[in-house]
Amino acid sequence: MASNVTQHACPSPMKATSNGAFQGDNPLDFALPLIILQICLVLVLTRALAFLLKPLKQPRVIAEIIGGILLGPSVLGRNKAYLSAVFPPRSLTVLDTLANIGLIFFLFLVGIEMDPKSLSRTGKRILSIAVAGITVPFALGIGSSFILRSTISKGVDGPPFLIFMGVAFSITAFPVLARILAELKLLTTDVGKMAMSAAAVNDVAAWILLALAVALSSTGHSPLVALWVLFCGCGFVAGAILIFRPIFSWMARRSQEGEPVDETYICATFAAVLAAGFVTDTIGIHALFGAFVLGVLVPKEGPFAGALVEKVEDLVSGLFLPLYFASSGLKTNVATIEGLQSWGLLVLVIFTACFGKIVGTIVVSRACKVPWRESFTLGFLMNSKGLVELIVLNIGKDRKVLNDQTFAIMVLMALFTTFITTPIVMIIYKPSKREGSADYKNKTIERKDASSQLRILSCFHSTKNIPTMINLIEASRGSGRQEGLCVYALHLTELSERSSAILMVHKARKNGLPFWNKGRKDSDHIVVAFEAFQQLCHVSIRPMTSISAMSNMHEDICTSAESKKVAMIILPFHKHQRVDGALETTRTDFRWVNQKVLQHAPCSVGILIDRGLGGASQVSASDVSFSITVLFFGGRDDREALAYAVRMAEHPGINLIVIRITMELEAVGDIAVIDMNSESNTESRLLDDKVLAEFHKNIPKDASIQYEERLVKDAAEIVAVAQNFSRCNLFLVGRTPTGVIEPVFNGRSDCPEIGPIGSLLASPDLSTTASVLVVQQYSNHPPSDLPAIPEDPGSN
């Protein structure tokens, strides 16, 4: 008997830390150093795969699933020495525990991102598409389960297996779909909005069905146990709504915009998440259900939800969540799929899953009068799987509902259906096919009919840009005539790899529509600023949101400008002013965005160097008193700057000074002078003279406009002229003056996107508090003086 006990005794538990290799300990025999090695290995492999798959626009979940499979017995795990050293069986409890803690908090984030109010506003068409995307694949999943039970899954418990298969077939991964739509620039299209709404409904239905499947798989004794689990689960949801929702609402009300959220609220919320996980696990559902329910109950308005996400997101999504994929990969052994029958079942499962989702969605979409191409696109988008799919499969594996072979087949099905989504959607729904290139007349501010409506696309990265932007808009509205100025305020939001990027999806509206809706109370101070300005002034402001990666953010800007037929895009400079007045770089990749816009813009472009035009707050129309200086050297860009300045001078609070700077041709010195006898420059000079003559003719009618001419010999005299007018509020200059190619200030200009004069005015050598707007007039020939831009500017 004694020998028998010794033979079957469990291995001794691993100690946490070792004494070190120098004292004879192998670190891999201890829990802490081993889990550190496992985490590092998982992170390095999944990030490397994500980098390799980035050109294919694949979501990161694909890299993490593949990485998990590679680490498991399917590939690297074939080497038994590696598997026993790096992922020994006795270490898997620690790995699974950490992975599940990360999963609990990730599901809390998913719950925060789920807006129940948006589900209640779902229309009949979206609801019909969502129901078809659930019921058809669910039915086919149940049908496939009978085939699997008669072949490779003999002996499994029937009802739980049927429901697990149905849920696995019917899931649409809401977070993965959001990222795919953002990558493909489909978020604000009709297809994108339909897909997001239908996926949200699908997600909620999948969680309910999964809860049912878990409840059924929990019982080994009596069907009444499953019924009791379901009743207790419903009781938990009702109790959470009654107890936690008012508490979270109270916390959200006490969290003020612009102030840090009380740490006590954060810690209490995290403790509540873990407690909810404990309760649902005790009930017999799963700990992640409690976390998800609490996330859904957190109010979405105000800074409270954002603070929760910010505190937990990077650690969970970046560190712990990949461990869940590694844990899944260690359970996935592709080698179990062997023989013609197994591979035939894999093909059958993939075909059935795709057929149910795609065909079911297409048929109902066509019945709802959605065009053919949009219906096909919607079908493939709804076919994407992701983390929730793996959660379903892992729970099924842990509950002994899915065996090794069925589990491997289902994981490969999830991987395949998600992988094909992006390339197929790009083929059948190319962005170039969605909208034709809209050609329009007024692509510049300089035009024959100066009384026509001026349309401007003003871009901003953060709230710091807004006061100056609003004050510039106020100065640009001219005489205040109705319909004189229409401004589209484009909020440039970076789509990062963080999971909470999905929160931005909820804020995205169709271009041209405001951030806010009637009857909705929103404390967002961006909205308040625009609403207040729009009510006080005769200016139509239409806020928009762009959600894209830095590498293609310029595409959103140029596409928006073209679709709104604007005459000028105004971009913030990539440097901002410090407290001491010096300019420092915000982010280098904003600079590449500006340069790409200059190269591809369908209209004129202005880059605003912000030194606080009008101060840190909005200036009311009656208090506007700005002095604007135009340094005019000559050329199309300078004429565009002058046309904009003349428009601004119509405002009663604007004083305009135009300085025409000419150079003595023989004084080249520090200045590289162009050949003034060439035909193109002769024509440009004639146009300059004509424009200035017309401008000069109107000066006697308006005492607020002054005109001067200055003759200079070298760079030092240009600096002196600029210094003389440094007390103004705003400089307006052209990006590439034709009278001067490049003033040689300290060798060369560090910022070719703002040209030589813009670089001078942005230089710390010039003592001024004036903001600067550097203007490039639209031309059929893009500028050739900008440097080559890195392939991936986001990496800088």
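The chain goes by Cation/H+ exchanger in an unreviewed UniProt entry, where it is assigned to Macleaya cordata. Database annotation for the chain, UniProt heading Subcellular location (unreviewed entry): "Membrane". Under the heading Sequence similarities (unreviewed entry), UniProt records this for the chain: "Belongs to the monovalent cation:proton antiporter 2 (CPA2) transporter (TC 2.A.37) family. CHX (TC 2.A.37.4) subfamily."

(A) Seen up close, the pattern of salt bridges. According to the stated counting rule, one finds eight salt bridges in the structure shown. The salt bridge involving Arg639 is made with Glu446; its shortest N-O contact spans 3.9 Å. A residue pair is termed long-range when its members are at least 10 positions apart, and Arg639 in helix H26 (residues 636-649) and Glu446 in the loop between helix H20 (431-434) and strand E1 (454-460) qualify at 193 residues. You can call Arg639 buried: its relative accessible area is 8%. Ionic pairing is found between Glu753 and Arg591, a salt bridge with its closest N-O pair at 3.2 Å.

(B) Local environment of the packing of aromatic side chains. Scanning the model with the defined rule gives seven aromatic pairs in all. Ring centres of Phe244 and Phe248 lie 6.0 Å apart, and the angle between their planes is 25°; this geometry places the pair in the stacked category. Residue Phe244 and its partner Phe248 are both found in helix H11 (residues 223-254); the two are separated by four residues, about one turn of the helix. Residue Phe248 is classed as buried on the basis of its relative accessible area of 1%. Residue placement shows Lys397 over the ring face of Phe407; its charged tip is 5.9 Å from the ring centre.

(C) Seen up close, the environment of Ala200. Checked against the element boundaries, Ala200 lands in helix H10 (residues 190-218). Between the alpha carbons of Ala200 and Thr172 there is a distance of 8.6 Å; along the sequence they are 28 residues apart.

(D) Spatial organisation of the nonpolar core. In terms of nonpolar packing, the biggest core is built from 143 residues, with Leu107, Phe108, Trp207, Leu210, Leu294, Phe304 and Ile391 touching the most fellow members. A per-element tally of this core places H10 first, with 15 residues. Beyond its immediate sequence surroundings of up to four residues, Trp207 is in contact with Leu107, Leu288, Phe289, Phe292, Val388 and Ile391. Within the second largest apolar cluster, 52 residues are counted, among which are Cys459, Ala601, Ile607 and Cys728.

(E) Structural detail: the packing of helix H14 (residues 303-331) against helix H17 (residues 387-398). Contact geometry for H14 and H17: axes closest at 11 Å, N-to-C directions at 50°. As judged from the angle between their axes, H14 and H17 are oblique. Seen along the crossing, H14 lies across H17 with a hand that is left-handed. Seen from H14, the contacting residues are Leu321, Tyr324, Phe325, Ser328 and Lys331; seen from H17, they are Leu387, Leu390, Ile391, Asn394, Lys397 and Asp398. Of the residues assigned to the contact of H14 with H17, the class counts are six nonpolar, two polar and three charged.

(F) Examining helix H18 (residues 404-419) more closely. With 16 residues, H18 ought to run about 22 Å at 1.5 Å a step, and its terminal C-alpha atoms sit 23 Å apart, in line with that. Where burial is concerned, most of H18 is hidden: 13 out of the 16 residues are buried.

(G) Structural view of a nonpolar patch on the surface. A cluster of nonpolar side chains, contributed by Leu224, Leu227, Trp228 and Phe231, occupies part of the molecular surface with about 500 Å² of accessible area. Tracing the backbone through its elements, the reader meets Trp228 in helix H11.

(H) Inspection of H17 at higher detail. Counted at 1.5 Å a residue, the expected span for H17 with its twelve residues is 16 Å, and the 16 Å between its end C-alpha atoms agrees. Most of H17 sits inside the fold, with eleven of its twelve residues counted as buried. Of the positions making up H17, those classed as buried are Leu387, Val388, Glu389, Leu390, Ile391, Val392, Leu393, Asn394, Ile395, Gly396 and Lys397. In the segment just after H17, Lys400 is the residue with positive phi, at about 65°.

(I) Structural context of the environment of Ile754. Secondary-structure assignment places Ile754 in the loop between strand E13 (742-743) and helix H29 (755-762). Those residues in contact with Ile754 that sit more than four places away from it in its chain are Phe573, Ile607, Ile609, Arg735, Ser759, Ala762 and Val774.

(J) Local environment of the packing of helix H3 (residues 60-71) against H18. Look at H3 against H18: their axes get within 10 Å of each other, and the N-to-C directions meet at 150°. Put simply, H3 runs roughly antiparallel to H18. Like other packed secondary-structure pairs, H3 and H18 cross with a definite hand, here left-handed. Between H3 and H18, the contacting residues are Ile62, Ile65, Ile66 and Ile69 on the first element and Val411, Leu412, Leu415, Thr418 and Phe419 on the second. A class-by-class count of the residues in the contact of H3 with H18 yields eight nonpolar, one polar and no charged.

(K) The pairing of strand E4 (residues 568-572), seen in detail. Most of E4 sits out of view: five of its five residues are buried. Where burial is concerned, the two faces of E4 agree: the one with Met568, Ile570 and Pro572 and the one with Ile569 and Leu571 are both buried. Inspection of the sheet shows E4 paired to strand E7 (residues 604-609) by five bridges, in the parallel sense. When the sheet's bridge partners are listed, Ile570 is paired in E7 with Gly606.

Conventions we followed
Residues numbered from 1 in each chain as written. Predicted model: local features only at pLDDT ≥ 70, side-chain atom pairs only at ≥ 80, totals over all residues. Heavy atoms only, no water. UniProt positions renumbered as here; feature names shortened; annotations may be inferred. Salt bridge = Lys/Arg side-chain N within 4 Å of Asp/Glu carboxyl O. Helix = DSSP H or I, 4+ residues; strand = E, 2+ residues; numbered from the N terminus. Buried < 20%, exposed > 50% of the residue type's maximum accessible area, 1.4 Å probe, protein only. Phe/Tyr/Trp six-rings, centres within 6.5 Å; stacked < 30°, edge-to-face > 60°. Lys NZ or Arg CZ within 6 Å of the ring centre and 35° of its normal. Core = buried A, V, L, I, M, F, W, Y, C linked by side-chain atoms within 4.5 Å. Contact = heavy atoms within 4.5 Å. Axes fitted to C-alpha atoms, helices over the stretch in contact; angles between N-to-C directions. Parallel < 35°, antiparallel > 145°, perpendicular 65-115°, else oblique. Left-handed = near helix turned anticlockwise from the far one by under 90°. Nonpolar A, V, L, I, M, F, W, Y, C, P; charged D, E, K, R; others polar. Expected span 1.5 Å × (residues − 1). Patch = residues over 30% accessible without salt bridge, like charges linked within 9 Å, V, L, I, M, F, W, Y side chains within 5 Å. Areas by Shrake-Rupley, 256 points an atom, 1.4 Å probe, with all protein chains shown as cover. Pairing = 2+ DSSP bridges.

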